[in-house]
Amino acid sequence: MTSQHALWLPLFDDLADPALVARLAAEAEEAGWHGFFVWDHLRWREPVAAAADPWITLAAIATATSRLRFGPMVSAISRRRPAKLARETATLDRLGGGRLTLGVGLGGDRFGEEFSRTGEECDDRVRARMLDEALAILAAAWSGDVVHHRGEHYTVDGIRFLPTPARRIPIWAAGFPGKLNPMRRAARLDGYFPVNLGSADRFAEAVAQVEALRTGTGPFDYVAEVEPGEDSATYTRAGATWLLTCFAPESLSVDHVRGVLRDGPH
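Residues numbered from 1 in each chain as written. Predicted model: local features only at pLDDT ≥ 70, side-chain atom pairs only at ≥ 80, totals over all residues. Heavy atoms only, no water.

Caption draft 1: Spatial organisation of the pairing of strand S1 (residues 4-9). Across the six residues that make up S1, a large majority, five, are buried. Inspection of the sheet shows S1 paired to strand S10 (residues 242-246) by five bridges, in the parallel sense. Looking at the pairing, Trp 8 lines up with Cys 246 of S10. Judged from the four bridges that link them, S1 and strand S2 (residues 35-38) form a sheet pairing that is parallel. Looking at S2, one finds that Leu 7 is bridged to Phe 36. (Buried < 20%, exposed > 50% of the residue type's maximum accessible area, 1.4 Å probe, protein only. Helix = DSSP H or I, 4+ residues; strand = E, 2+ residues; numbered from the N terminus. Pairing = 2+ DSSP bridges.)

Here it is, written out as C-alpha cells:
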C-alpha cells in the first residue's frame, strides 16, 4: 500500500495572506506533493493574532495549481448555512477542476473560543445533529435534483442547486478515537481522520473500528497526521491512505513551511 502526501497548514499570522499561501501550494505541487489542506478557524488563542478565511484562500489555491487535492481540514459546518455551503463547495470544486475534498467535524471552543464568542452553538450533541442534517442537505444539493428539506435546524424549500460539482466531492469526517458516533458518521462518508492519536498502533485500531462499521464498497480514505520529518511508513502500514504533514501554530513560519515542502513528500 502507498499513501498520498499533503501539507496541512493553519492560516495564521505569516500565513494569513492568501496570495502567499497560493504560491506555497504551487511550490508544493511542483515539489511532488499530492494535496494541500488548510485549517478552518475564525480565531486562535494567543500568541496567534491574524487569521485568513480558508474559503477565499482555497479559491486562490485552486487557481494556482492544477493537480493538488485541496480543501478545508476540517470545517465545523454547524456554523455555516448548508445552502450557502452547497453553492460554495460546488463552485470551488468546479474552479479547481474536481479537486476539492471537504473535511468536516464538530469543532470546539477549546483553542479559540470561536463558538462562545460569536454566539454559535456550544453543545456538542446539538452541533452533531446540525452536522448530520447539513450533510444530508449537501448530498441532495450536489445531486442537482430539487431539494425539499424541513429539519430540526434548516429549511430548503424547493431549490435546485446548479451547477453541480465537477465530480462527486469526497467528504472526510474527523473525530476523536474511540468516539463511536463520529466513527459511524465517517463510515457513511468517504474517509475518516482520527485526531490526536499519537501513535501508528492507535491509528491501526481506529482503522479496524471504522472498517467494521462500513457497509459500502467504494473508495475510502484513512487520514493520518504526521510531524515534519517524521517517519510516516508506520502509518502507511497501519492503513493510512493520506498523510497530512502538520505545522504547530505557535512555531509557524513561511521559511519552515518552504523548507518542508521543498524536501518533498517522504
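Caption draft 2: Highlighting the environment of Pro 18. Residue position: Pro 18 is located in helix H1 (residues 18-30). Not counting residues up to four positions away in its chain, the partners in contact with Pro 18 are Thr 57 and Ala 60. (Contact = heavy atoms within 4.5 Å.)

Caption draft 3: Layout of unusual backbone geometry. At the junction of Glu 46 and Pro 47, the peptide bond is cis and its omega measures out at 10° in the coordinates. Relative to the assigned elements, Pro 47 resides in the loop between S2 and helix H2 (54-64). Residue Val 74 is reached from Met 73 by a cis peptide bond, and omega for that bond is 0°. One can find Val 74 in the loop between strand S3 (69-72) and helix H3 (82-95). A positive phi is found at Asp 13, a non-glycine position, where the angle reads about 50°. Owing to a relative accessible area of 33%, Asp 13 belongs among the partly exposed residues under this scheme. Backbone geometry at Glu 113 places phi at a positive 50°, although glycine is not the residue there.

Caption draft 4: Representation of the side chain of Asp 40 in the model. With respect to the element layout, Asp 40 can be found in the loop between S2 and H2. For Asp 40, the side chain forms a polar contact with the side chain of Trp 55, separated by 3.5 Å. Reaching out from Asp 40, the side chain makes a polar contact with the side chain of Ser 75 at a distance of 2.7 Å. Once residues within four sequence positions are removed from consideration, Asp 40 is found in contact with Pro 54, Trp 55, Pro 72, Val 74, Ser 75 and Arg 79. (Polar contact = N/O pair within 3.5 Å; in protein donor to acceptor, adjacent residues only side chain to side chain.)

Caption draft 5: A look at the packing of aromatic side chains. For the coordinates displayed, the defined rule picks out eleven aromatic pairs. With a centroid separation of 5.9 Å and 80° between ring planes, the pair formed by Phe 37 and Trp 242 is classed as edge-to-face. With Phe 37 in strand S2 and Trp 242 in strand S10, the pair connects residues that are 205 residues apart, well separated along the chain. Exposure class is identical for Phe 37 and Trp 242. Each is buried. One aromatic cluster in this structure is built from Trp 8, Phe 12, Trp 39, Trp 44, Phe 111 and Phe 193. In this structure, Arg 79 is placed above the aromatic ring of Phe 115, and the distance from its NZ or CZ to the ring centre is 5.6 Å. (Phe/Tyr/Trp six-rings, centres within 6.5 Å; stacked < 30°, edge-to-face > 60°. Lys NZ or Arg CZ within 6 Å of the ring centre and 35° of its normal.)

Caption draft 6: Inspection of the pattern of salt bridges at higher detail. Counted according to the given criterion, the structure contains 15 salt bridges. Shared partners join several salt bridges into a network, and the residues in it are Asp 40, Arg 79 and Glu 114. (Salt bridge = Lys/Arg side-chain N within 4 Å of Asp/Glu carboxyl O.)

Caption draft 7: Local environment of the sheet that holds S1. Taken in spatial order, the eight strands of this open sheet run S3-S2-S1-S10-S9-S8-S7-S4, and their pairing is parallel. At either margin of the open sheet sits one strand with a lone partner, and together these are S3 and strand S4 (102-104). Put simply, the sheet's adjacent strands are angled 25° from each other on average, direction ignored. Across four bridges, the pairing between strand S7 (residues 171-175) and strand S8 (residues 191-194) is parallel. Looking at S8, one finds that Ala 174 is bridged to Phe 193. Across the face of the sheet, helix H5 (residues 180-188) comes into contact with S7 and S8 while running at roughly 170° to S7. (Axes fitted to C-alpha atoms, helices over the stretch in contact; angles between N-to-C directions.)

Caption draft 8: Spotlight on the pairing of S10. Most of S10 sits inside the fold, with five of its five residues counted as buried. The two faces of S10 match: Trp 242, Leu 244 and Cys 246 on one face and Leu 243 and Thr 245 on the other face are all buried. Relative to S10, strand S9 (residues 221-226) is paired through four bridges, and the arrangement is parallel. Note that in S10 the partner of Glu 225 across the bridge is Leu 244.

Caption draft 9: Representation of the nonpolar core within the structure. Membership of the largest hydrophobic core comes to 83 residues, with the highest contact counts inside it found for Leu 15, Phe 36, Phe 203 and Leu 244. Top element by residues in this core is helix H4 (residues 124-142). It accounts for nine residues. Those residues in contact with Phe 203 that sit more than four places away from it in its chain are Pro 194, Leu 197, Tyr 222, Val 223, Ala 224, Tyr 235, Ala 238, Gly 239 and Ala 240. (Core = buried A, V, L, I, M, F, W, Y, C linked by side-chain atoms within 4.5 Å.)

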